[in-house]
Amino acid sequence: MTVSPDAPVLFFDSGVGGLSILAPARALMPNMPVVYAADRAGYPYGTKSEAELMARVPALLGRLVERYRPRMAVIACNTASTIALAGVRAALDVPVVGTVPAIKPAALQSKTRVIGVLGTSATVRQPYVDRLAREHGADCTILRHGSAALVDLAEAKLRGETLDPGIARDALAGLLDQREGDRMDMVVLACTHFPLVEEELKAGAPRPLTFLHGGEGIARRIAFLNGDMPWPDTPRPGTAVFTRIDPDVPSLAPALKGFGLETIEAL
Ligand code: DGL
């Protein structure tokens, strides 16, 4: 298949979380043309049902692929990936990269064999997570906690707002206060919003913890799947597309610019 060098990579999330995947991908492939899609009209995903997301996400990605003709699509969202990846793959005729909790690298590194998975409520209850835990962390205790407040915190941070330090503290307490939580040494950031507030999580931790996420691995996967398809010779300004432009969108513009997304448009 011949792909035009201008064909973008489409990144998709409910909000700004996918920027934590876009950043390492841009670092690895600086000339990659980017369309970053945020489903603000559907935000947040983490409190929605499986049925709602299975219906919504593949249909939306279908519209985005039709409009932007990307060379591949990256579901830069754990909630959408753990629930709707198969549906998206069936609906699209381009390669699809998903984002799933980094339980495998955490299990490889954990010394105490107690690992926390911090995601959305929808992600942490998925059989997909049970499977990862079984396959890669069978000898580990895997604690799980879902936090919607931490997702909102990341959105607020990127709007440049003042943040309540109690939110990161409470999210970690949701893991640390569980049985064996006192021995946890690794925290898998199983929501793409959370690496954006890693600083706040570190500051809120009562003792040093290692935070892990899959951003670099996904960047390498994109490069691998891209193979020999050409990139433009120079970096191009990227586009952010929102399913709803509400009054908060303009306050995100400076942060989006920092990720190379210069134009904002509505789907
Ligand atoms: N960023 C998304 C994730 O990785 C979901 C956040 C939300 O909309 O609840 O799970």
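Residues numbered from 1 in each chain as written. Predicted model: local features only at pLDDT ≥ 70, side-chain atom pairs only at ≥ 80, totals over all residues. Heavy atoms only, no water.

Asks: Explanation requested: the overall build of the protein in the structure shown.
Replies: Along the protein, the regular secondary structure elements total 11 helices and 10 strands. Each principal axis of the C-alpha atoms in the protein carries an extent, and together these give about 50 × 40 × 35 Å. Here the protein has roughly 11500 Å² of accessible surface; of this, 53% comes from carbon and sulfur atoms. In the protein, the 28 positive side-chain charges and the 29 negative ones have mean positions that sit 3 Å from each other. (Helix = DSSP H or I, 4+ residues; strand = E, 2+ residues; numbered from the N terminus. Areas by Shrake-Rupley, 256 points an atom, 1.4 Å probe, with all protein chains shown as cover. Lys, Arg positive; Asp, Glu negative; His and termini not counted. Charge placed at Lys NZ, Arg CZ, Asp CG, Glu CD.)

Asks: Looking at this model, I keep getting lost on the pattern of salt bridges. Mind explaining?
Replies: Pairing between side chains of opposite charge can happen when their charged atoms approach one another. A full pass over the atoms with the stated rule returns 16 salt bridges. Across the pair E200 and K157 runs a salt bridge, and its minimum N-O distance is 3.1 Å. Of this pair, E200 sits in helix α9 (residues 198-204) while K157 sits in helix α7 (residues 148-158), and the two are 43 residues apart along the sequence. Where R183 meets E180, a salt bridge forms, and the shortest distance between an N and an O atom there is 2.8 Å. Several salt bridges share partner residues, and in doing so they unite R40, E155, R159, E161, R244, D246 and D248 into one network. (Salt bridge = Lys/Arg side-chain N within 4 Å of Asp/Glu carboxyl O.)

Asks: When you look at the site of the ligand in this model, what are you seeing that I'm missing?
Replies: Around the ligand sit 14 residues in total, of which S14, Y45, N78, T79 and H193 are the nearest. Within the backbone of T192, a nitrogen or oxygen atom sits 2.8 Å from an oxygen atom of the ligand. Between the ligand and H193, the relevant distance is 2.8 Å, taken from a nitrogen atom to a side-chain nitrogen or oxygen of the residue. Using a 2 Å cut-off from the grid points, one finds that the ligand occupies the largest cavity. (Near = heavy atom within 4 Å. Polar contact = N/O pair within 3.5 Å; in protein donor to acceptor, adjacent residues only side chain to side chain. 1 Å grid on protein atoms, 1.4 Å probe; cavity = no way out; pocket = protein on both sides within 12 Å on 5 of 7 lines; lining within 4 Å. Sits in = over half its atoms within 2 Å of the grid points.)

Asks: Would you take a moment to explain empty space enclosed by the protein for this structure?
Replies: Any empty space left between the atoms is revealed when a probe the size of a water molecule rolls over them. In total, this model carries three cavities of 30 Å³ or more according to the counting rule given. If you add up the space inside the largest cavity, you get close to 70 Å³. Lining the largest cavity are 14 residues; nearest its centre among them are S14, T79, T120, C191 and H193. Residue composition of the lining of the largest cavity, grouped by class: six nonpolar, seven polar and one charged. Of the voids in this model, the second largest cavity is the one considered here, and its volume is about 60 Å³. Lining the second largest cavity we find 15 residues, and of these N78, T99, L189, H213 and G214 sit closest to its centre. For the lining of the second largest cavity, the class distribution of residues is eight nonpolar, seven polar and no charged. (Points joined across faces, edges and corners; volume = space filled by probe spheres on them. Nonpolar A, V, L, I, M, F, W, Y, C, P; charged D, E, K, R; others polar.)

Asks: Could you clarify how one ought to interpret the pairing of strand β9 (residues 238-242) in this entry?
Replies: Along a regular strand, successive side chains alternate from one face of the sheet to the other. Counting buried positions along β9 gives five out of five residues, so the element sits mostly inside the fold. Of the two faces of β9, the one carrying G238, A240 and F242 and the one carrying T239 and V241 are both buried. Sheet topology places strand β2 (residues 34-38) next to β9; four bridges connect them, and they run parallel. Paired with A37 across the strands is V241, a residue of β9. (Buried < 20%, exposed > 50% of the residue type's maximum accessible area, 1.4 Å probe, protein only. Pairing = 2+ DSSP bridges.)

Asks: Can you help me understand the pairing of strand β1 (residues 9-13) in this one?
Replies: Counting buried positions along β1 yields five of five residues, so the element is predominantly enclosed. Burial of the side chains of β1 extends over both faces: V9, F11 and D13 are buried on one face and L10 and F12 on the other. Looking at chain direction, β1 and β2 are connected through five bridges and run parallel. Following the sheet pairing, D13 is matched in β2 by A38. Note that β1 and strand β3 (residues 72-75) share four bridges and pair parallel. Within β3, the residue paired with L10 across the bridge is A73.

Asks: Please explain the layout of surface pockets as it appears in this structure.
Replies: Of the voids in this model, the largest pocket is the one considered here, and its volume is about 510 Å³. Put simply, the parts of the chain that give the lining of the largest pocket at least two residues each are α3 (78-91), β4 (96-97), α4 (103-109), α6 (127-136) and α10 (215-226). Partitioned by chemical class, the residues of the lining of the largest pocket number 12 nonpolar, six polar and five charged.

Asks: Sorry, what's going on with the packing of α7 against helix α8 (residues 165-176) here?
Replies: Each packed pair of helices is defined by two parameters, the angle between the axes and the distance between the axes. Axis separation between α7 and α8 bottoms out at 9 Å; the angle between their running directions is 145 degrees. Like other packed secondary-structure pairs, α7 and α8 cross with a definite hand, here left-handed. Contact residues: α7 offers A149, L150 and L153, while α8 offers I167, A168 and A171. (Axes fitted to C-alpha atoms, helices over the stretch in contact; angles between N-to-C directions. Left-handed = near helix turned anticlockwise from the far one by under 90°. Contact = heavy atoms within 4.5 Å.)

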